[in-house]
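# Descriptive analysis of the structure
The residues making up each chain are set out below.
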Amino acid sequence: MSRPPPNAATKRRRLRLLLLAMGSVLVMAFAAVGLLQSRQSELLSSTKRYQDDYLVWSLFQFEVEYLKLRLSLSQALELKTAEAAEQAAQRYEIFVSRLALIEGEHAGKVLRANPEYRATLDHARRFVQWVDTLPLDAALITQRPGEAREVLSRMAGLADAIRDLSLTASHHVAAQVSARNELVRSQSQLGLWLTLLQCALTLGFAVIVLRQFRSLDRHGREQEALAESLREARQEAEAGSRAKSVFLANMSHELRTPMHGLLGMLSLLKDTPLQPQQQEQLQAASDSARHLLTILNDILDVSKMEAGGISIQPEPVRLARLIQELEELTWPQASAKGLDLGLRLDEGLPGWVSADPTRLRQILLNLLSNAIKFSERGRVGLRVSQRPQGLAFEVSDTGVGMDAATQAKLFQRFSQGDQTSSRRFGGTGLGLEISRNLARAMGGDIEVRSEPGRGSVFTVLLPLPPCAAPAGTATPAPRPAESPVRPARTLRILVSEDHVTNRQFLEAVLERLGHSAVFCENGFEALQQLKAQDFDLVLMDLHTPMMDGYQATRAMRELPGAKGRTRIVALSADAFEESRERALQAGMDDFLAKPVDLPTLAAMLNQQARPLEPAPAPPPPLPASGFDEDVLQQLRSHLPPAKVPPLYQSFIRDVPASRQRLSQAMAVTDAGALRAEAHALKGASASLGLIEVAAAALALEQHARSGADARTLQQVAQDLLAALLRSEHHCAARGLL
Amino acid sequence: MATADHLRMPASLSRRRWLLSSAALAAPAWALEPPAETVVLSISGKISRPNREGRALFDMAMLAALPQHSITQRTPWYPGPRKFTGPLLREVLAAAGAQGQSIEAIAINDYRVTIPMQDCQQHAVLLARLMDDKPMPLRDKGPLFIIYPFDDDVRLRSSVYYSRCAWQLKALDIR
């Protein structure tokens, strides 16, 4: 609507009333026209008009006949022949017949108002009565001419009256005709007006219809524009929300990286000779760091869910194996608190089901961890059974339990049993929300049954269809039950890592874990190595020169026999889902975000008694003032003292080459090359505590990735060059070179 | 409305009637029997069966000998419905062997009107000689009256057809 209507409903009602009124008027106009036309047709209908016209004609004929009779009678009296007498007598009869015609009912009506008519008629009638008494026939005329003459003389008295009557009737009918004409004319005029009215109304209807069409059209366009702007708004909102979530995910990732470094260093520190007090402090620091990492992982999960939903990727999962894994992962916690741990599968369950193993493990691990966390004594159990709705995973504990109110808000964000429990037990409160979201994403749900003081039962109900075992896994080699902490056996590990510092770091860690490792600098070399000898596991950096991790993996998967099935684990500083998916698509078995902390890596390697898993990369921290002394301290305490300076020496040895590559890339403003170099420098320098280099490298990597202009890139790259120069000074100052 | 109404007929007429019908069916060479009484109708012009001086003359008995029909209807000339009886005009014309496009009807009062021949073929036009079963005197539009069957076809109720209803009829001229 161009002008703001008082109210759309009122307007519609008005329009309806208007249409109704116009329609009624139109119907009335049609009715009036119909009536008018029937009137006119009636007016023209023959009988009345004929009778009017005929009356005039009859009166005129009456006069003519009167004259003819007089003439014929006087001729007969003169000629005195029988024939003339016969003629005269016939004339008289005709005269009488004419009299009957003007006496009719109609004539009486027409001439009622005229007194002369009646007088003349009476006069004529009396005359005929008298003549009939004679009677006037041929015989009378020939034999009694006297009486015939008497007839003639009496007739003469009638002449004027008959003449007047004829004229009167003629005038009267003329007046009637003109009145009728007048009526016809006025009716025609009325008809004309009515027709005009009909035209106007029809035009009015047309205008209204046109306006309605336009209005509809405009409405449609407005609707479309509105939909479009809503779409845009939604896209903007979604983009904003995504951006925020991506930011959060990135931040979590960035936070996680130093956390892993911290954890790695702490676990290395644990094995050094320490005083009991230091041991305790170390344990406390370790616990805090682990808790912090859990929180970060939860936040990362939630932000990923919000950024793009949860992608559930079902694949065949062996239930027995899953239970075994869970037992291995939770047993240390349970045994530390002296709890019984009982995980069992009901009889008759399918061996393999279709499920997302990572997500299913995550849910069950979360529930089991909670159960252990909230139980001081007794037993924690997991029972898997078949129900009509699907598989039920019941996690029960003998812990503190919950009342109904607590259960009601249990799955809400940031809620825990109560304020005190959050202080007592730690946790983000995101775990159950994540678990329930995951369960729902898989088409199931989580329910809880609990009473305060009598433990809780969490039931995960998931519609997991049974499926066939995947090809090549027919023999699921029963795992030897063993301590999850001790290495199962020495694994032969091939590491593809282009940065020398990362290589050295991994070497140190893998050596400590009791595995033998072979290092190479890129995917191509790794491929050659794998062809030359057998390995239990390949740790593959995704971004290496010559041949990257994806290409190398594809090539390895095409190798014949067991070599083609060697377990390959991706190593990448990118924690994005796309990188992980790309890696898995390329044929890799797992994906580890760099760097990995020592216990996680150790646990994973231990679980892979058959094929094994990855090794960690260096942890880069980012505090102030150019050089992070803590990192150096950690390295010194975790690694054999003789091994630390070579790390720095190799980094500094590589600096001129890095500077040259950076300069070359700057000269041609090759953003890709700048980014690659910055990425490599970032990881290595952070591992060594060269935080100024790490910060400058990070800045350059981000600018190069976000497509900053050449001038900015130059500037940031210059910063990095300067930081590299100063790094030598930092190292020299600490006697590391 | 026109109903065949065979009136009582003198026995002496039956032979003549037979002859008439035969003549109507056969070639026009047969002459019409001359009238025995006062002539009431004279047909002249294009006729093939004259009975005197090139004319076909009829007395009332000859007309009464033809098949009779009756119509009861309202007319402009009388206040209420009236019954008219007489032969069909086309049968009278057939008896005279009339072969023309139009008929000029002439009345005793010197009235004249032209009637198209199709009228007689399309409509049961009556040559009425009785009104309400009584002979019509000259002073009451007699002795013969051409009557159209107005109730058969509403289109007949117009001035044109009213004017073709000639009364005091004395002659027909076939053209």
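Remember, predicted model here, so these are calculated numbers, not experimental data.

### What about the overall build of chain A?
- The number of helices and strands found in chain A is 24 helices and twelve strands.
- Taking all 737 residues of chain A together, 33% fall into the buried category.
- The long-range share in chain A, meaning contacts at least 24 apart out of those at least 6 apart in sequence, stands at 72%.

### Quick notes on the environment of Gly453(A)
- Structurally, Gly453(A) is set in the loop between strand S6 (445-450) and strand S7 (456-462).
- Among all residues touching Gly453(A), those that are not within four sequence positions of it are Val400(A) and Gly401(A).

### Things to note about the sheet that holds strand S4 (residues 379-387) of chain A
All names here are of chain A.
- Read from one edge to the other, the open sheet built from five strands follows the order S2-S4-S5-S7-S6, with strand pairing classed as mixed. This sheet does not close on itself; its edge strands, each paired only once, are strand S2 (340-345) and S6. The sheet shows a mean angle of 15° between the axes of neighbouring strands, direction not considered.
- Note: S2 against S4, six bridges, orientation parallel.

### So, the interface of chain A and chain B
- Taken residue by residue, the interface counts 13 residues in chain A and 13 residues in chain B.
- When the residues that make up the side of chain A that touches chain B are grouped by side-chain class, the tally is five nonpolar, five polar and three charged.

### A word on unusual backbone geometry
- In this chain, Leu134(A) is followed by Pro135(A) through a cis amide linkage whose omega measures -20°.
- Position of Pro135(A) among the secondary structure elements: in the loop between helix H5 (115-133) and helix H6 (138-143).
- In this chain, Gly142(B) is followed by Pro143(B) through a cis amide linkage whose omega measures 0°.
- Considering the arrangement of structural elements, one finds Pro143(B) in the loop between strand S10 (134-135) and strand S11 (145-147).

### Observations regarding helix H7 (residues 145-156) of chain A
Residues and elements named next belong to chain A.
- Look at H7: 17 Å from first C-alpha to last across twelve residues, which is about the 16 Å you get at 1.5 Å a residue.
- Within H7 the residues assigned to the buried category are Ala148, Val151 and Met155. Burial along H7 is one-sided: seen end-on, the buried residues are contained in an arc of 50°. Opposite the packed face of H7, turned more than 90 degrees from it, sit the exposed residues Gly146, Ser153 and Ala156.

### Things to note about the confidence of the model for chain A
All names here are of chain A.
- Averaged over every residue, the pLDDT of chain A is 80; residues scoring 70 or more account for 86%.
- At the level of individual helices and strands, chain A shows its lowest average pLDDT in helix H13 (residues 419-425), which scores 45, and its highest in S7, which scores 92.
- Note on residues 416-426: pLDDT under 50 across the span, and 13 contacts to partners over four residues away in sequence or across chains.
- Below pLDDT 50 for its whole length, residues 609-624 participates in 90 contacts with residues either more than four positions away or in separate chains.

Parameters at a glance
Residues numbered from 1 in each chain as written. Chains lettered and ligands numbered in written order. Predicted model: local features only at pLDDT ≥ 70, side-chain atom pairs only at ≥ 80, totals over all residues. Helix = DSSP H or I, 4+ residues; strand = E, 2+ residues; numbered from the N terminus. Buried ≥ 20, exposed ≤ 12 C-beta atoms within 10 Å, placed from the backbone. Contact = placed C-beta atoms within 7 Å. Pairing = 2+ DSSP bridges. Axes fitted to C-alpha atoms, helices over the stretch in contact; angles between N-to-C directions. Nonpolar A, V, L, I, M, F, W, Y, C, P; charged D, E, K, R; others polar. Expected span 1.5 Å × (residues − 1). Arc of directions from axis to C-beta. pLDDT = per-residue confidence, 0-100.

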